[in-house]
Amino acid sequence: MAVDPRKRSRVLLEGTDRAAARAMMKAVGFSDQDLSRPQIGVAHSWIGTMPCNWNHRKLAEKVMQGIRAAGGTPIEVNTISITDGITMGTEGMKGSLISREVVADSVELVARSHMFDGIVTISGCDKTIPAMTMVLGRLDIPGLMLYCGSIMFGRCAGSEGPFAGRNLTIQDVFEAIGAYNAGKIPLEQFKDVEDHACPGAGACGGQFTANTMATAYEMLGMSPMGWNDIPAIDPRKEEVAFESGKLVMELVRQGLTPRKIVTRKSFENSIAGVMATGGSTNAVLHLMATARDFGVKLAIEDFDRISRKTPVVADLKPWGNYTAPEMYDAGGMAVVGKRLLEARLLHGSEKTVTGRTIGEEVKAAPEPAGQQVIKPLAKALKSEGGIAILRGNLAPGGCVIKLSGQKKYSHRGPARVFEVEEDAFQAIKKGKIKPNDVIVIRYEGPRGGPGMREMLHVSGALQGAGLGESVALMTDGRFSGATHGFMIGHIVPEAAERGPIAAVRNGDTISIDVKKRRLDLEVPAGEIKKRLAKWKAPKPHFTTGVFAKYAAGVADASVGAYT
């Protein structure tokens, strides 16, 4: 059956009864010819507050040129963004996860209301990437997502100290804060890291949350394989932006929508990609939220099941040696996909937006001779993936631990309890955290925060202070993808919902056993029950406005999902 490429916009713009709509479009420069073509949204998150999305308007213009060249009419849509790297460690971080919903909601509202026939979404920082893909599943109109690309790595100007001579990312700045506070580096070296870690446009340069999700959505099939890998300042980024405009027009003409492409097996491919690259724990909540918007059932157990059989083959920061631009030079995510296909861990017949299967995409990709970033299967860095799901009497609903850079699989020690992230940071800064401690940061979940803040300010301080290998940290909040160390997040139920984490007291012994997938408080069940019976909900941080709205509207704390 023939596909009408103007199925949606025809209702809005065609016929004498729609003259008023056309008149308003003509007021901003659209012609009759423009309005007779398929109407294609180009949604992005350019904002003047960060480097992550700095090139979005430039990329959007290239996408629009591609759409025009292929016979469509582009319509630019702009929305907001919150950067984790700048707001980290402050009240501002409470808005980060909430912004994912606001971005997806705002693009969805415009696309539905203005009846776009297709859409290209451009993403950059951590939350815009899932948001700009989630909305594709919601709308289910022909479309794709293009990531604006990683920032390049930086280099110190000086030659002295632990940060000199390495390829810097924002992770190094957070760790330099800890090193400076612990008296391990002088102010001059500290300032050198600050001044040179972020050299230009693009999202944070390791396999942190942004690059984790960008590569995960290539594996999902919603971004063309290899296009997201291209760094932000690489001239080829603008070339693929133009090609994105042409590609969406092909999808429109075919009537090929996201839900016709993406299946449960596609999500399993995406998860395998996260595990093989030692990616961010945030992939758990973002992929679950994405699956929900695509109408696909996904559970946290799926992540653990896939992780147990997926080797880590990419040697990437925050725990490894290389940055995202170096990963691109090594062949990018397609080479990782080759490894997964070789190991029979990739569903190679799943579709992608290019019209080719994921198997065809990865088989066709070249691998530079002698590259050191992506290891062969025989030399895998770890036999199992970078994330595990734990349960136990402290997390009956589950929690997430990042294992990529871990050499140990258990920890047992006394609890050091903090009701807010800032207090934990100050304790580290003042030297009050000791080896073997288990730092507990609670009331930072989706409802309790509200907003489920990331804890890179704390985890970075621990690494910089030299405590990363000897201390465990657990929270009902989240961790940045730049985090490494023995860190557990997403504890469910959260403290604000009378979860067992609310019963922990200073000095209680906490046991973590990764091989058994357990997180337990060594306190009798009757005592835990008694403590929780006396628990009183803390006063809300916000009683009006957007934070109060989302704190009251938590749909599923286990995935950080809001309604």
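All figures in this text were calculated on a predicted structure; none of them were measured in a lab. (Residues numbered from 1 in each chain as written. Predicted model: local features only at pLDDT ≥ 70, side-chain atom pairs only at ≥ 80, totals over all residues. Heavy atoms only, no water.)

Student: Break down the overall build of the protein chain for me, with residues and values.
Tutor: Each helix and strand in the protein chain was counted, giving 22 helices and 14 strands. Over its C-alpha atoms the protein chain spans a radius of gyration of 23 Å, differing by no more than 12% from the 24 Å that the globule rule assigns to 563 residues. When its C-alpha atoms are laid out on the principal axes, the protein chain stretches across 75 × 55 × 45 Å. Split into buried and exposed, the 563 residues of the protein chain put 62% on the buried side. (Helix = DSSP H or I, 4+ residues; strand = E, 2+ residues; numbered from the N terminus. Rg over C-alpha atoms; globule rule 2.2 N^0.38 Å. Buried < 20%, exposed > 50% of the residue type's maximum accessible area, 1.4 Å probe, protein only.)

Student: Got a sec to walk through the packing of aromatic side chains? Specific residues and values, please.
Tutor: A complete count under the given rule lists 4 aromatic pairs for this structure. Between Y180 and F190 the ring centres are 5.1 Å apart and the planes differ by 25 degrees, which places this aromatic pair in the stacked class. One end of the pair, Y180, is in helix α8 (residues 170-181); the other, F190, is in helix α9 (residues 187-196), and 10 residues separate them in sequence. On the basis of relative accessible area, Y180 is assigned to the partly exposed category, the value being 34%. Ring centres 6.2 Å apart and planes at 75 degrees place the aromatic pair F267 and F294 in the edge-to-face group. With a gap of 27 residues between them, F267 in helix α13 (residues 264-276) and F294 in the loop between α14 (282-293) and α15 (300-309) connect regions that are remote in the sequence. With relative accessibility at 0%, the residue F267 sits in the buried group. Over the aromatic face of F486 sits the side chain of K408, whose NZ or CZ is 4.8 Å from the ring centroid. For the cation-ring pair, K515 lies above Y409, with the distance from its terminal atom to the ring centre recorded as 5.5 Å. (Phe/Tyr/Trp six-rings, centres within 6.5 Å; stacked < 30°, edge-to-face > 60°. Lys NZ or Arg CZ within 6 Å of the ring centre and 35° of its normal.)

Student: I'd love a proper account of the side chain of T83, names of residues and values included.
Tutor: Inspection of the secondary structure assignment puts T83 in the loop between β2 (73-78) and α5 (84-87). Take T83: its relative accessible area is 9%, and that puts it in the buried class. Of the polar contacts made by the side chain of T83, one reaches the backbone nitrogen of G85; its length is 3.4 Å. Once residues within four sequence positions are removed from consideration, T83 is found in contact with T49, M50 and C52. (Polar contact = N/O pair within 3.5 Å; in protein donor to acceptor, adjacent residues only side chain to side chain. Contact = heavy atoms within 4.5 Å.)

Student: Provide a residue-level description of the environment of G398, including the pertinent values.
Tutor: Summarising the element assignment, G398 is placed in strand β6 (residues 398-402). Distance from G398 to E342, taken between C-alpha atoms, is 32 Å for residues 56 residues apart in sequence. Discounting residues that sit within four places of it in the chain, G398 has contacts with I300, L390, R391, H490, I491 and V492.

Student: Any details on the packing of α13 against α15? Residues and values, ideally.
Tutor: As a packed pair, α13 and α15 sit with axes 9 Å apart at the nearest point and diverge in direction by 60 degrees. Relative to α15, the element α13 lies oblique. In this structure, α13 crosses over α15, and the sense of that crossing is right-handed. Within the contact between the two elements, α13 uses R264, E268, I271, A272 and M275 and α15 uses D302, F303, R305, I306 and S307. A per-class count over the contact of α13 with α15 returns 5 nonpolar, 1 polar and 4 charged. (Axes fitted to C-alpha atoms, helices over the stretch in contact; angles between N-to-C directions. Parallel < 35°, antiparallel > 145°, perpendicular 65-115°, else oblique. Left-handed = near helix turned anticlockwise from the far one by under 90°. Nonpolar A, V, L, I, M, F, W, Y, C, P; charged D, E, K, R; others polar.)

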